[in-house]
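Coordinate analysis (summary)
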Amino acid sequence: MSHLLEINNLCVDYVSPNGLARAVNCANLSISKGETIGLAGESGCGKSTLAFAISRLHKAPALVSEGEIIYNKKDVLKMNDKELRKFRWNDVSIVFQSAMNSLNPVITIGEQLTDVLQAHKDIPYKVAYEKGVELLNTVGMHGDRMKSYPHQLSGGMRQRVVIAIALALEPKLIIMDEPTTALDVVVEREILNELYELKEKFGFSILFISHDLSLMGEIADRIAVMYAGNIVEIGTAEKVFSEPQHPYTKGLISSFPTIHGPKERLYGIPGNPVNLLDLPKGCNFQARCNECFSRCKESEPELVSASNGSYVSCHLI
């Protein structure tokens with residue numbers, strides 16, 4: 001597979017009166033054509049910050065301080081306004097975390113769909129409206145919903161509308177930032193099944209962001225696990241689940257109950273995520289790790305190849 005997008009040594013800082021909080025630290029990640037990458041971790045670990053950097057959606061106090069994001073042999077971070085406008089939605093689109101907050105509450109679904117199409121394509125309103133109806137049908141909704149306002153739709157329907165908007169210009173990559181948050185498991189399953197069918201139909205790649213590893217394991221080809229701005233483990237979904245290498249990954253997996261088999265006591269990860277304004281010397285996970293030893297407190301581990309083919313940032317490897 002050829003790479004669709006490459007992230008090299010990306011660093012994103014948040015400027016505060018108390019100093020710089022590094023939300024993404026030297027991240028390296030590639031996404032191939034037609035691939036689904038899962039990005040997992042606790043809230044505040046840098047998942048959404050990394051996603052926003054890809055489309056350069058950050059505003060102050062966020063600052064991309066280092067690295068490059070290569071798409072079609074061009075660095076997204078060096079694109080001018082014209083190039084960036086063409087890149088967004090045509091090449092990469094985003095399904096934001098809260099569908100209700102992503103839709104304008106005072107205009108209809110149809111107006112929002114046609115607005116996206118006409119903003120990026122020189123087409124008449126009638127053609128854009130017909131395309132909007134087609135998009136709604138694609139995500140399993142009736143075309144009559146073009147006349148509805150967001151508050152007239154259920155949570156699952158609003159989520160489908162946001163996905164339809166993301167598909168409007170047939171991008172090569174769709175970033176999905178916790179797209180099923182606050183939905184019940186039945187609707188969540190329906191949307192994921194539809195998403196998989198759409199991916200097969202249109203052939204786009206997906207960067208799927210979630211804190212739910214069990215959900216991610218069903219749709220992702222590879223999974224990257226983030227902690228305190230660092231990618232601490234990356235490998236195929238099968239290997240990450242069956243042979244997790246990093247203590248943090250093991251903790252995340254053991255926090256989810258199994259549906260089948262005997263009942264087992266669940267153990268969460270002790271402590272709280274590290275303060276990004278006061279990072280410890282060495283490994284950021286040391287205070288919460290039950291396998292920590294002296295070297296972990298002296299030097300920061302690098303991402304190295306493990307015996308199972310995954311890449312892991314841990315001194316135990």
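Residues numbered from 1 in each chain as written. Predicted model: local features only at pLDDT ≥ 70, side-chain atom pairs only at ≥ 80, totals over all residues. Heavy atoms only, no water.

Moving on, we come to the packing of helix H4 (residues 109–120) against helix H5 (residues 125–138). One can describe the packing of H4 onto H5 by two numbers: an axis separation of 9 Å at closest approach and a directional angle of 115°. Crossing angle aside, the handedness with which H4 passes H5 is right-handed. Across from Ile109, Leu113, Thr114, Leu117 and Gln118 in H4, the residues of H5 making contact are Tyr125, Ala128, Tyr129, Lys131, Gly132, Leu135 and Leu136. Residues that form the contact of H4 with H5 fall into these classes: eight nonpolar, three polar and one charged. (Axes fitted to C-alpha atoms, helices over the stretch in contact; angles between N-to-C directions. Helix = DSSP H or I, 4+ residues; strand = E, 2+ residues; numbered from the N terminus. Left-handed = near helix turned anticlockwise from the far one by under 90°. Contact = heavy atoms within 4.5 Å. Nonpolar A, V, L, I, M, F, W, Y, C, P; charged D, E, K, R; others polar.)

A word on helix H1 (residues 47–54). With six of eight residues buried, H1 lies mostly within the body of the structure. Of the residues making up H1, those classed as buried are Lys47, Thr49, Leu50, Ala51, Ala53 and Ile54. A positive backbone phi angle near 55° is found at Arg56, which sits one or two residues after H1. (Buried < 20%, exposed > 50% of the residue type's maximum accessible area, 1.4 Å probe, protein only.)

Turning next to the environment of Asn272. Tracing the chain through its elements places Asn272 in the loop between helix H10 (247–254) and strand E11 (303–305). Under the relative-accessibility criterion, Asn272 is labelled exposed at 64%. In this structure the C-alpha to C-alpha distance between Asn272 and Leu77, which are 195 residues apart in sequence, comes to 33 Å. With near-sequence residues (within four places) excluded, Asn272 lies in contact with Tyr227 and Arg288.

Hydrogen bonds along the backbone pair up the strands of a sheet, which may run parallel or antiparallel. The mixed open sheet is built from eight strands, whose spatial order is E6-E7-E8-E3-E9-E10-E12-E11. Looking along the sheet, the strands with just one partner apiece sit at the ends: strand E6 (92–95) and E11. This sheet shows a mean twist of 20° between the axes of neighbouring strands, independent of strand direction. Across five bridges, the pairing between strand E3 (residues 36–40) and strand E8 (residues 205–210) is parallel. (Pairing = 2+ DSSP bridges.)

Moving on to the pairing of E3. Here E3 lies mainly inside the structure; five of its five residues are buried. Note that E3 and strand E9 (residues 222–227) share four bridges and pair parallel. By the bridge assignment for E9, Ala40 is matched with Val225.

Our focus in this paragraph is the sheet that holds strand E5 (residues 74–75). Spatially, E2-E1-E4-E5 is the arrangement adopted by the four strands of the open sheet, whose pairing is antiparallel. Both outer strands of the open sheet, strand E2 (19–32) and E5, are each paired with one neighbouring strand and no more. Pairing geometry for strand E1 (residues 3–16) and E2, over ten bridges, is antiparallel. The partner of Tyr14 across the bridge, within E2, is Ala21. Here H1 sits on the sheet in contact with E1, E2 and strand E4 (62–71), set at roughly 115° to E1.

Burial analysis of strand E10 (residues 230–236) places six of its seven residues in the buried class, the great majority of the element. Where E9 and E10 come together, six bridges link them in antiparallel fashion. Residue pairing for E10: Tyr227 is matched across the bridge by Asn230. With antiparallel pairing between neighbouring strands as the criterion, E9 and E10 make up a hairpin whose turn holds two residues, including Ala228 at a positive phi of roughly 50°. Where E10 and strand E12 (residues 311–313) come together, two bridges link them in antiparallel fashion. Among the inter-strand pairings, Ile234 is bridged to a residue of E12, identified as Tyr311.

In this model helix H7 (residues 185–202) runs 25 Å from its N-terminal to its C-terminal C-alpha over 18 residues, within 8% of the 26 Å that 1.5 Å per residue would give. All buried positions along H7 are accounted for by Val187, Glu188, Ile191, Leu192, Leu195, Leu198 and Lys199. End-on, the buried residues of H7 take up no more than an arc of 130°, which puts them together on one face. For H7, exposure combined with an orientation more than 90 degrees from the buried face picks out Val186, Glu197, Glu200 and Lys201. Next to the buried residues of H7 lie E3, H5, helix H6 (155–167), strand E7 (173–177), E8 and helix H8 (213–219). Immediately beyond the C-terminal end of H7, within one or two residues, lies Gly203, with a positive phi of roughly 75°. (Expected span 1.5 Å × (residues − 1). Arc of directions from axis to C-beta.)

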